[in-house]
Structure formats: C-alpha cells, structure tokens
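# Reading the structure
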Amino acid sequence: MAEGLMYKHLIKFTNVNDQFKSDFSSESQKPKKGWKQRRVPQKSSIFVQNNMKGASEDLTKNVLPTLRIDSLSEVIMNDQLILAIGSKLRSNHKQPHSIANISSKMRDMAKLVETMKRLCTQIQGLKDCLQSKNVKLLLRAVQIISELDEETGTVGIPSMPGRIKGSINVALETIKNDIRCDPNLSFDLKKEFLFDYQTT
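Residues numbered from 1 in each chain as written. Predicted model: local features only at pLDDT ≥ 70, side-chain atom pairs only at ≥ 80, totals over all residues. Heavy atoms only, no water.

In terms of regular secondary structure, the protein chain is built from 10 helices and 0 strands. Overall, the protein chain shows an N-to-C arrangement of helices and strands of α-α-α-α-α-α-α-α-α-α. Buried residues in the protein chain amount to 42% of all 200 residues. Long-range pairs, those at least 24 residues apart, make up 62% of the contacts in the protein chain with a sequence separation of at least 6. Looking at the protein chain as shown, the accessible area adds up to about 12000 Å², and 49% of this sits on carbon and sulfur atoms. (Helix = DSSP H or I, 4+ residues; strand = E, 2+ residues; numbered from the N terminus. Buried < 20%, exposed > 50% of the residue type's maximum accessible area, 1.4 Å probe, protein only. Contact = heavy atoms within 4.5 Å. Areas by Shrake-Rupley, 256 points an atom, 1.4 Å probe, with all protein chains shown as cover.)

Written as structure tokens, this is what we have:
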C-alpha cells in the first residue's frame, strides 16, 4: 500500500488540518496570551536502567524519569524502537517544555502497540506493528485508540491519527536506516528486510 494512501486512511477521521501541525512547531512553543504555561513534568519514581537499547543518555536522564507509571510506561521501557523515537525527538528538541510532548508521543506509540497486541497475539512490539503485512491491522488499531464510532463516524480523539502519523514517519525512517547501515547484512537481505517495511 502506498504511503500516501496509508496516511490518507490515518487522517480521514477529521477535516481540521490545524490539528495535524507538529506539536513542536514554532507556534506551539510560544505561550498563548492569557494562557498559563505548561509546567515542566516532575520526575516520578519510575525505575530507569542505564544503557537501555535505543535510549540516549539525554532521554534516559531527562524524559524517562517523568513518565507516569502504568502499563504504557512498561511498554515504552521495553520497546527499543519507541525509545529510539523518543531519543531522536529529544535530540531535536532540548527545551524543558518539550519533555511533555516527547513523553506524549511515546505514550501514543505504546498505546498503539498495546492495542495491536490485543488484536493479534503475534505482535511483539512497535517494529512488528509497522510491517507492511500489518497495515490493515494498524489502521484498525488507530481507529480504536482514536475512539472512532463506526455508526456515526464521529471520533473521540480527532487529533490522534495525525499525532501517530508523525511518529510512524520517525519510526520507519529509523528502521530503514538501521537496516541499510547494518554491516552484517548482505545486499539481498537488506533488500528483503526493507521490503517488509515498504510504504510505496
């Protein structure tokens, strides 16, 4: 399925284009007149291991300790790809007030993984969710976590498809880059593995 078609399905639940603007756009970082600025998240009592695969030192030190302790944080801490997404976002957004946005995006991905695991027991992590063969399952999971009412067509969380779209882009880029740069893979194996995440 073409990438554009997949994303067309992801965003079809809403016509409000502004909701799909990046949380990290310059406008979103400016405090609105009359609004209170969001407080920087405080550290929780979550246990963070050092040298977790996928997690940068900055993410480990400044973002992961602020995660709310629940099933989603457990998914995050055990999913190398979600940690890699968080690390990449953190490397581009060092401001203290970006921590909450990064945490939110990681939790969105964890929620996607949890939902897809309920739909298919073969799903182990985010990397499995994004394989081409699981696109229909992915779209169904997005509908569920967006709280789509199939009878009325209304969506409880209209911003969710757009939020997930951005994180999926980062995840696919990370996966493909890892495959291309792996010195232990032959050209044919790289081609085969890249096909598993084909979006065009």
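Overall, the prediction assigns the protein chain a mean pLDDT of 78, with 73% of residues at 70 or greater. By mean pLDDT, helix H2 (residues 26-29) is the weakest element of the protein chain at 39, and helix H6 (residues 99-119) is the strongest at 95. A low-confidence stretch, residues 1-8 (pLDDT under 50), is modelled with 18 contacts involving residues beyond four sequence positions or located in other chains. (pLDDT = per-residue confidence, 0-100.)

What follows covers the state of the cysteines. In protein structure, a disulfide is the covalent linkage between the sulfur atoms of two cysteines. Under the definition given, this model contains 0 disulfides. Cysteine Cys120 shares no disulfide, and the gap to the nearest cysteine sulfur, in Cys129, comes to 9.3 Å. (Disulfide = S-S within 2.5 Å.)

Let's shift gears to the nonpolar core. In this structure, Leu64, Ile82, Leu112, Leu126 and Leu130 are the most contacted members of the largest nonpolar core, which totals 41 residues. Every element with two or more residues in this core is listed here: helix H3 (57-63), helix H4 (71-77), helix H5 (80-92), H6, helix H7 (126-129), helix H8 (135-145) and helix H9 (160-181). Look past the residues within four positions of Ile82 in its chain and what remains in contact with it is Val75, Ile76, Met106, Met109, Ala110, Val113 and Leu126. (Core = buried A, V, L, I, M, F, W, Y, C linked by side-chain atoms within 4.5 Å.)

Right, let's talk about the side chain of Ser73 for a bit. Residue position: Ser73 is located in helix H4. At 2.8 Å, the side chain of Ser73 forms a polar contact with the backbone oxygen of Asp70. (Polar contact = N/O pair within 3.5 Å; in protein donor to acceptor, adjacent residues only side chain to side chain.)

The tally for this structure, following the rule as stated, stands at 7 salt bridges. A salt bridge links Arg107 to Asp70; the shortest N-O distance between them is 2.6 Å. Residue Arg107 is found in helix H6, and its partner Asp70 is found in the loop between H3 and H4; the two are separated by 37 residues along the sequence. Relative accessible area serves as the criterion here: at 12%, Arg107 is assigned to the buried category. (Salt bridge = Lys/Arg side-chain N within 4 Å of Asp/Glu carboxyl O.)

A rise of 1.5 Å per residue sets the reference length of H5, with its 13 residues, at 18 Å; its end C-alpha atoms lie 19 Å apart and thus fit the reference within 8%. Where the residues of H5 are buried, they touch H3, H4, H6, H7 and H9. Its side-chain oxygen 3.1 Å from the backbone nitrogen of Leu81, Asp79 forms the N-cap of H5. (Expected span 1.5 Å × (residues − 1).)

Our focus in this paragraph is the side chain of Asn134. Position of Asn134 relative to the elements: it lies in the loop between H7 and H8. Look past the residues within four positions of Asn134 in its chain and what remains in contact with it is Met116, Ile123, Asp128 and Cys129.

Next up on the list: the environment of Leu119. Inspection of the secondary structure assignment puts Leu119 in helix H6. If sequence neighbours within four positions are ignored, Leu119 has contacts with Leu137, Arg140, Ala141 and Ile144.

Turning our eyes to something else, we now look at the packing of H6 against H8. For any two helices packed against each other, the geometry comes down to the angle between their axes and how far apart the axes lie. Between H6 and H8, the least distance of the axes is 9 Å, while the angle of their chain directions is 115°. Considering how the two elements wind past one another, H6 and H8 form a crossing that is right-handed. For the pair H6 and H8, contact is made by Lys111, Leu112, Thr115, Met116 and Leu119 and by Leu137, Leu138, Arg140, Ala141, Val142, Ile144 and Ile145, respectively. Class assignment of the residues belonging to the contact of H6 with H8 gives a composition of 9 nonpolar, 1 polar and 2 charged. (Axes fitted to C-alpha atoms, helices over the stretch in contact; angles between N-to-C directions. Left-handed = near helix turned anticlockwise from the far one by under 90°. Nonpolar A, V, L, I, M, F, W, Y, C, P; charged D, E, K, R; others polar.)

Moving on, we come to the packing of H5 against H9. It is the contact of H5 with H9, at a shortest axis distance of 10 Å, that shows an interaxial angle of 105°. For the element pair H5 / H9, the angle class is roughly perpendicular. Residue-level contacts link Leu81, Ala84, Ile85 and Lys88 of H5 to Ser167, Val170, Ala171, Glu173, Thr174 and Ile175 of H9. Looking at side-chain class alone, the contact of H5 with H9 contains 6 nonpolar, 2 polar and 2 charged residues. (Parallel < 35°, antiparallel > 145°, perpendicular 65-115°, else oblique.)

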